[in-house]
Amino acid sequence: MGLLSRLTGMTSTKKPTDDVLLVHAMLLMAGADGYIDDEEIATVEGFAMTLPEFKERDFGEVVGDAQKMVRKYPSLKESVNALTEFSSQALKTKAYVLAADIALASGDVDENEDALLETMQRLLNIDDQTAQTVVWVLSLKYAK
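This one's a predicted model, so the numbers in the text were calculated from it and none came from an experiment.

## Considerations on the side chain of Asp-19
Inference 1: For Asp-19, the position within the fold is in helix 2 (residues 18-30).
Inference 2: A polar contact of 2.4 Å, which involves the side chain of Asp-19, links it to the side chain of Thr-17.

Here it is, written out as structure tokens:
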């Protein structure tokens with residue numbers, strides 16, 4: 001929260017769009033270890049550009065909107081709560097799949113990514129069977 005919103009008690013009431021929330025979910029997972037490097041940004045952008053939500057969008061603009069949304073929260077970790085604002089359960093499931101894919105794309109999943117994925121599962125209302133299926137399929141994608 002910035003100085004103006006803290007002192008005036010005014011915050012933006014504009015709801016984030018689904019495309020911004022999808023990027024936010026992927027960036028959260030990419031940054032689960034505490035930082036996001038250029039390679040991770042490129043991975044997120046690559047994933048985003050394959051999705052219909054980004055067909056006509058400027059990725060830099062969407063990332064900027066995601067950063068604005070994050071500022072509404074006291075910490076990056078707390079900003080995961082924004083994911084509850086998706087407009088449909090289908091998009092919540094898509095966000096979970098993308099986050100799991102980002103985690104596995106790095107080559108090895110650490111405790112922070114594992115904990116974040118569990119938090120996302122709960123917040124996005126993903127049942128255990130769906131979560132297990134998603135992770136199983138993605139593990140096949142990244143098998144060596």
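Having put the structure on the table, let's press on.
## Points about a negative patch on the surface
Inference 1: Residues Asp-33, Asp-37, Asp-38, Glu-39, Asp-108, Asp-110, Glu-111, Asp-114 and Glu-118 make up a contiguous surface patch of negative charge.
Inference 2: The biggest single contributor to the negative patch is helix 6 (residues 111-123), with three residues.
Inference 3: Assignment of secondary structure puts Asp-33 in the loop between helix 2 and helix 3 (38-48).
Inference 4: A residue is classified by how much of its surface remains accessible, and Asp-33, at 33% relative accessible area, is partly exposed.

## Re the packing of helix 3 against helix 5 (residues 89-105)
How two helices pack is summed up by the angle between their axes together with the distance between the axes.
Inference 1: Their axes nearest at 11 Å, the elements helix 3 and helix 5 cross at an angle of 140°. One finds that helix 3 runs oblique with respect to helix 5. The interaxial crossing formed by helix 3 with helix 5 has right-handed handedness. Between helix 3, through Thr-43, Val-44 and Phe-47, and helix 5, the contact on the second element is made entirely by Leu-98, Asp-101, Ile-102 and Ala-105.

## A word on the pattern of salt bridges
Inference 1: All chains considered together, the criterion is met by six salt bridges.
Inference 2: Members of the salt-bridge network, linked through shared partners, are Asp-19, Arg-57, Glu-61, Asp-65 and Lys-68.

## Observations regarding the packing of helix 5 against helix 7 (residues 128-141)
Inference 1: Packing of helix 5 against helix 7 leaves a shortest axis separation of 10 Å and a crossing angle of 40°. In terms of axis orientation, helix 5 runs oblique to helix 7. Helix-helix and strand crossings are classified by hand; for helix 5 and helix 7 the assignment is right-handed. Of helix 7, the residues touching helix 5 (which contributes Thr-93, Tyr-96, Val-97, Ala-100, Asp-101 and Leu-104) are Thr-130, Ala-131, Val-134, Val-135, Leu-138, Ser-139 and Lys-141.

## Some remarks on the nonpolar core
Inference 1: Membership of the largest hydrophobic core comes to 45 residues, with the highest contact counts inside it found for Val-23, Met-29 and Met-120.
Inference 2: Every element with two or more residues in this core is listed here: helix 2, helix 3, helix 4 (59-70), helix 5, helix 6 and helix 7.
Inference 3: Broken down by element, the residue count for this core peaks at ten residues, all from helix 2.
Inference 4: With residues near it in sequence (within four places) discarded, Val-23 still touches Phe-54, Phe-59, Val-62, Val-63 and Ala-66.

What counts, and at which threshold
- Residues numbered from 1 in each chain as written.
- Predicted model: local features only at pLDDT ≥ 70, side-chain atom pairs only at ≥ 80, totals over all residues.
- Heavy atoms only, no water.
- Helix = DSSP H or I, 4+ residues; strand = E, 2+ residues; numbered from the N terminus.
- Polar contact = N/O pair within 3.5 Å; in protein donor to acceptor, adjacent residues only side chain to side chain.
- Patch = residues over 30% accessible without salt bridge, like charges linked within 9 Å, V, L, I, M, F, W, Y side chains within 5 Å.
- Areas by Shrake-Rupley, 256 points an atom, 1.4 Å probe, with all protein chains shown as cover.
- Salt bridge = Lys/Arg side-chain N within 4 Å of Asp/Glu carboxyl O.
- Lys, Arg positive; Asp, Glu negative; His and termini not counted.
- Charge placed at Lys NZ, Arg CZ, Asp CG, Glu CD.
- Buried < 20%, exposed > 50% of the residue type's maximum accessible area, 1.4 Å probe, protein only.
- Axes fitted to C-alpha atoms, helices over the stretch in contact; angles between N-to-C directions.
- Parallel < 35°, antiparallel > 145°, perpendicular 65-115°, else oblique.
- Left-handed = near helix turned anticlockwise from the far one by under 90°.
- Contact = heavy atoms within 4.5 Å.
- Core = buried A, V, L, I, M, F, W, Y, C linked by side-chain atoms within 4.5 Å.

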